[in-house]
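Below are the chains, spelled out letter by letter.
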Amino acid sequence: MGAGSIGCYLGGLLAAADWEVDFVGRPRVLQALDERGLALSGLSQASLYVPAAALRPHLHQQLPAGLRPDLTLLCVKSGATAEAAALLQAALPAGSLVLSMQNGVGNTALAQALAPTLDWRAGMVPFNVAELSPGHFHKGTLGSLCVQGHPDEAALQALQNTWRAQGLNLQLLPTASAMQAVQWGKLLLNLNNPVNALSGLPLRAELLQRGYRRCFAALQEEALDLLAAAGISPAQMTPLPPRRLLQVLRLPSPLFRLVAARMLKIDAQARSSMADDLSLGRLTEIDALCGEVVRLAQTLGLSAPLNSRMVALVKAWPERQGRSYAPAELLSALQP
Ligand SMILES: NC(=O)c1ccc[n+]([C@@H]2O[C@H](COP(=O)([O-])OP(=O)(O)OC[C@H]3O[C@@H](n4cnc5c(N)ncnc54)[C@H](OP(=O)(O)O)[C@@H]3O)[C@@H](O)[C@H]2O)c1
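The structure contained in this document is the topic of the report that follows. From a predicted model like this one, the values you see are computed outputs, not experimental measurements.

1. Quick word on the sheet that holds strand β3 (residues 45-50)
At step 1: Taking strand neighbours across the sheet as the criterion, the 4 strands line up as β3-β2-β9-β8 in an open arrangement whose pairing is mixed. A single partner strand is all that each edge strand has here, and the edge strands are β3 and β8 (129-133). In this sheet, adjacent strand axes meet at a mean angle of 20° when their direction is disregarded.
At step 2: By the bridge criterion, 4 bridges tie strand β2 (residues 38-42) to strand β9 (residues 136-139) in an arrangement that is parallel. Note on β9: the bridge partner recorded for alanine 39 is histidine 136.

This is the structure:
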């Protein structure tokens, strides 16, 4: 559900392993699959191809009636969750398993509230997927997928086995709190997305500028302090624990280059999808990232001025008429 970068990549892996996969998406993506088939490539993974003829009967602009899937992967952006959840609620039998493979920490709860008869599970995609050309999706980084569930659930076990055979690890986390820790760990890293988007630079070039790294570190530190106050311990998603990562981000650039060599192994042109969203005038996921930190602060009776300001800066982007922020300008703009 939501055949974009993540939906086509994850669904494509399953289709390549002869699962029967229905893709629900927009005409632009579906037309490419219909004409060219689906090509998948990625770091440490064999390239795969699903021919158009095999996909054609399973490409849908609307959720078809009568589907009885073993599982559904929800792969829309956070702003589209409510609509997609309502459509799934109307189309799927009660008890259907739906895995939210989205960023953010609030999508599953929102979907569960709007589609209460479905069995919603949170998931986490650690790697980046980009559409290199129509119908060609490329995984640019590494990492293990996570989903809340148990190894004795047949559909999840089948998913795990299929992806394992394709070189992709799926970790099943038995408790909601373990999954929540992973989602917050990922969200902390995603706090660089708005910094990257407002910098106007590719990710690597942005991370090589200390001023931008200081913005990223400041947003993370504010979130880490709030998580500590809430008693949530975010999972460690990088070789360094979250607080140690802050110190590394703040190092002068020559030292950062040495210490963070692994973090800088990014395609030279890669940038956050929020940058694409801003340049195309689309809704961003800022409310599901910095906005989630602001909400956490509110539940604690505290405030998150830096993340709150970042939400405002991203929303005010159209007023900048395409003028990106220099590092010092962004640092000072973040101050309330
Ligand atoms: N891409 C990555 O590298 C990456 C990595 C990790 C996690 N994620 C997360 O994964 C989620 C999906 O990201 P993505 O990059 O795959 O987004 P995407 O490329 O924009 O794909 C989502 C697709 O779903 C479509 N869609 C929305 N509502 C729909 C509906 N009701 N019916 C059918 N199609 C619908 C969207 O169309 P419209 O554009 O018209 O809405 C879009 O084509 C996000 O939460 C993101 O943060 C992404």
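2. Considerations on the layout of surface pockets
At step 1: Of the volumes computed, that of the second largest pocket is approximately 490 Å³.
At step 2: Taken together, 23 residues form the lining of the second largest pocket, with Glu20, Val21, Asp22, Pro69 and Leu71 sitting closest to its centre.
At step 3: Contributions of two or more residues to the lining of the second largest pocket are made by α1 (5-16), β1 (23-24) and β5 (72-74).
At step 4: For the lining of the second largest pocket, a count of residues per class yields 15 nonpolar, 4 polar and 4 charged.

3. Examining the pairing of β9
At step 1: Taken together, the 4 bridges between β8 and β9 define a ladder with antiparallel strand orientation. Across the sheet, valine 129 pairs through a bridge with lysine 139, a residue of β9.

4. Quick notes on the nonpolar core
At step 1: Counting residues in each nonpolar core, the largest one holds 50 residues, and the members touching the most others are Leu191, Leu198, Met310 and Leu330.
At step 2: Those elements giving two or more residues to this core turn out to be α7 (176-190), α8 (192-199), α10 (210-230), α11 (242-249), α13 (273-279), α14 (290-299), α15 (305-315) and α17 (327-334).
At step 3: Looking at which element gives the most residues to this core, the answer is α10, with 10 residues.
At step 4: Residues Leu38, Leu71, Val147 and Leu170 belong to the second largest nonpolar core, which totals 36 residues.

5. Digging into α11
Note: α-helices contain 3.6 residues per turn, so residues at a spacing of three or four share the same orientation.
At step 1: Within α11, the full set of buried residues consists of Pro242, Leu245, Leu246, Val248 and Leu249. Summarising the axial view, the buried residues of α11 lie within an arc of 165°, below the 170-degree limit, and thus occupy one face.

6. Looking at α14
At step 1: Most of α14 is tucked away: 7 of the 10 residues are buried.
At step 2: By the burial criterion, the buried members of α14 are Cys290, Gly291, Glu292, Val293, Val294, Leu296 and Ala297.
At step 3: In this fold, the buried residues of α14 make contact with α7, α8, α10 and α15.
At step 4: Positive backbone phi, at 75°, marks glycine 301, one or two positions downstream of α14.

Definitions and cut-offs
Residues numbered from 1 in each chain as written. Predicted model: local features only at pLDDT ≥ 70, side-chain atom pairs only at ≥ 80, totals over all residues. Heavy atoms only, no water. Pairing = 2+ DSSP bridges. Helix = DSSP H or I, 4+ residues; strand = E, 2+ residues; numbered from the N terminus. Axes fitted to C-alpha atoms, helices over the stretch in contact; angles between N-to-C directions. 1 Å grid on protein atoms, 1.4 Å probe; cavity = no way out; pocket = protein on both sides within 12 Å on 5 of 7 lines; lining within 4 Å. Points joined across faces, edges and corners; volume = space filled by probe spheres on them. Nonpolar A, V, L, I, M, F, W, Y, C, P; charged D, E, K, R; others polar. Core = buried A, V, L, I, M, F, W, Y, C linked by side-chain atoms within 4.5 Å. Buried < 20%, exposed > 50% of the residue type's maximum accessible area, 1.4 Å probe, protein only. Arc of directions from axis to C-beta. Contact = heavy atoms within 4.5 Å.

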